[in-house]
Amino acid sequence: MSFDSLGLSAELLRAVSDKGYSTPTPIQSQAIPHILAGSDLMGGAQTGTGKTAGFTLPLLHRLTLSGRASHARRPVRALVLTPTRELAAQVGESVVVYGKYLPLRSAVIFGGVKINPQLQKLRAGVDILVATPGRLLDHIGQKSVDLSQVEILVLDEADRMLDMGFIRDIRKILALLPKQKQTLLFSATFSDEIKQLSKGLLHSPALVEVARHNTASERVSQVIHPVDSHRKRELLSHLIGSNNWRQVLVFNRTKHSCNRLAEQLTTDGISATAIHGNKSQGARTRALADFKSGKVRVLVATDIAARGLDINQLPHVINYELPNVAEDYVHRIGRTGRAGNEGQALSLVCIDELKLLNDIERLLKREIPRVIFDDFLPDPSIKAVPINNGRGTNRRPGGRDHSANRAANDNRTHHSRGGKRSHAAHRS
Ligand code: AMP
């Protein structure tokens with residue numbers, strides 16, 4: 001992907017190019033379109049991911065569009081709050097660098113320095129104000145700043161602002177802003193406190209989260225269900241039905257298998273729809289809307305179709321077929337357990353997929369626990385295939401000897417169709 005395709009103005013693209021950036025970072029390519037479209041946004045990203053440009057570029061774009069830059073007395077139209085003066089200075093610098101071809105004015109205000117130069121700057125009028133909460137409140141107290149015209153609010157490193165005890169200051173500032181505005185919240189972590197803050201502040205936010213490379217979130221519980229390939233669909237329906245799951249994203253490798261599975265689930269009485277590249281944009285939007293509203297319980301997707309999906313609080317992801325590329329597994333399960341919520345990722349794995357499973361476990365550097373449903377086990381005549389580089393072998397499916405083929409640190413549980421059967425399956 002290039003910067004050109006994001007929809008930013010020529011002036012901004014020129015500034016980006018002057019800076020020497022050729023491709024947007026993941027947080028930039030994901031966040032910029034949402035911000036340009038006017039959505040509120042919850043961004044899970046740490047410093048170093050390129051998040052500053054991720055919000056600064058579209059913020060500048062939108063301010064230019066809303067076009068009041070020529071007013072002599074410029075009201076503050078974008079407010080960026082940061083926890084520290086270093087970060088404020090850094091963001092302020094980005095605003096100057098990316099906005100160098102635009103007729104916008106900005107100021108950075110933080111404590112520990114004289115207030116007079118800041119007063120002068122504010123008096124002259126600024127479009128974009130970058131501030132730490134304490135010093136901003138000083139200015140508010142002196143009536144040197146008017147926040148009643150703010151169109152875009154950014155809370156940068158919100159978790160750090162709360163850690164530093166700024167919540168009351170932030171709330172005081174928020175009370176002075178117009179209700180109608182676009183709010184972007186960036187945080188490296190999503191504590192209960194952050195969730196609480198965002199609940200009152202963000203309206204239907206787009207959620208953009210960049211995981212550190214190839215690490216699966218600890219909030220996602222992962223499990224493998226070994227199963228005969230012919231029984232997968234039955235097991236899937238059983239899992240969804242018996243647990244009464246209402247919102248499940250299911251992954252398949254091909255468009256064709258997505259369609260077929262969605263049809264079969266519907267036949268089983270579980271409302272499902274498929275989403276993939278062969279569907280028109282309209283059909284995809286409708287499928288997603290139905291899934292989000294709860295009209296359909298299951299969305300069956302290919303890896304590519306799922307990339308652009310924006311679904312908050314998705315509780316269950318099921319790999320009906322493992323991906324061919326191990327990294328895609330991490331992307332898939334990263335669709336759940338977002339924004340501090342718990343998530344569950346299940347993989348239905350048949351004997352043909354043990355090599356793919358092996359690749360995934362090698363990438364994750366750990367073994368994923370197996371939970372076996374006796375009723376759905378593969379044909380016992382199928383020979384066990386080694387996994388984990390000889391550290392262990394898969395249980396001989398259907399065999400009665402549960403100990404023979406178990407990896408040293410394996411952790412398996414058996415279920416029967418009627419529910420959990422307590423079983424001496426844990427062994428270390
Ligand atoms: P940030 O996470 O915003 O603090 O940015 C981290 C660093 O990445 C900063 O030094 C940026 O200048 C740099 N950076 C931001 N976007 C890009 C990009 N698209 N390509 C290369 N470097 C970038």
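Everything discussed here concerns the structure shown above.
Since the structure is predicted, the reported quantities are computational estimates derived from the model, not experimental observations.

Okay, the side chain of Lys-181 next. In this fold, Lys-181 is placed in the loop between helix H8 (167–174) and strand S6 (182–187). No salt bridge forms around the buried Lys-181; measuring N to O, its nearest opposite-charge neighbour Asp-40 is 7.6 Å away. Within the local environment of Lys-181, its side chain forms a polar contact with the backbone oxygen of Pro-178, the two atoms lying 3.0 Å apart. In this view, Lys-181 contacts Asp-40, Val-150, Glu-151 and Leu-153; residues no more than four positions away in its chain are not counted.

Glancing now at the packing of aromatic side chains. With the rule as written, the count across this model stands at one aromatic pair. Here the aromatic rings of Phe-55 and Phe-186 are separated by 5.2 Å at their centres, their planes lie at 40°, and the arrangement is tilted. Here Phe-55, found in helix H3 (residues 51–66), pairs with Phe-186, found in strand S6; they are 131 residues apart in sequence, far enough to count as distant. Accessibility assignment for this pair places Phe-55 and Phe-186 in one class, buried. Over the aromatic face of Tyr-101 sits the side chain of Arg-14, whose NZ or CZ is 3.8 Å from the ring centroid. Lying over the aromatic face of Tyr-320, Lys-232 brings its terminal NZ or CZ to 5.6 Å of the ring centre.

Next up on the list: the nonpolar core. Core analysis: the largest hydrophobic core is formed by 37 residues, its most contacted members being Leu-8, Leu-57 and Ile-128. The element contributing the most residues to this core is H3, with six residues. Here Ile-128 is in contact with Leu-59, Leu-60, Leu-63, Ala-78, Val-95, Leu-104, Arg-105, Ser-106 and Ala-107, once residues within four sequence places are set aside. Counting 33 residues, the second-largest nonpolar core is a separate cluster that includes Leu-137, Leu-153, Ile-194 and Leu-207.

Calculation criteria
Residues numbered from 1 in each chain as written. Predicted model: local features only at pLDDT ≥ 70, side-chain atom pairs only at ≥ 80, totals over all residues. Heavy atoms only, no water. Helix = DSSP H or I, 4+ residues; strand = E, 2+ residues; numbered from the N terminus. Buried < 20%, exposed > 50% of the residue type's maximum accessible area, 1.4 Å probe, protein only. Lys, Arg positive; Asp, Glu negative; His and termini not counted. Salt bridge = Lys/Arg side-chain N within 4 Å of Asp/Glu carboxyl O. Polar contact = N/O pair within 3.5 Å; in protein donor to acceptor, adjacent residues only side chain to side chain. Contact = heavy atoms within 4.5 Å. Phe/Tyr/Trp six-rings, centres within 6.5 Å; stacked < 30°, edge-to-face > 60°. Lys NZ or Arg CZ within 6 Å of the ring centre and 35° of its normal. Core = buried A, V, L, I, M, F, W, Y, C linked by side-chain atoms within 4.5 Å.

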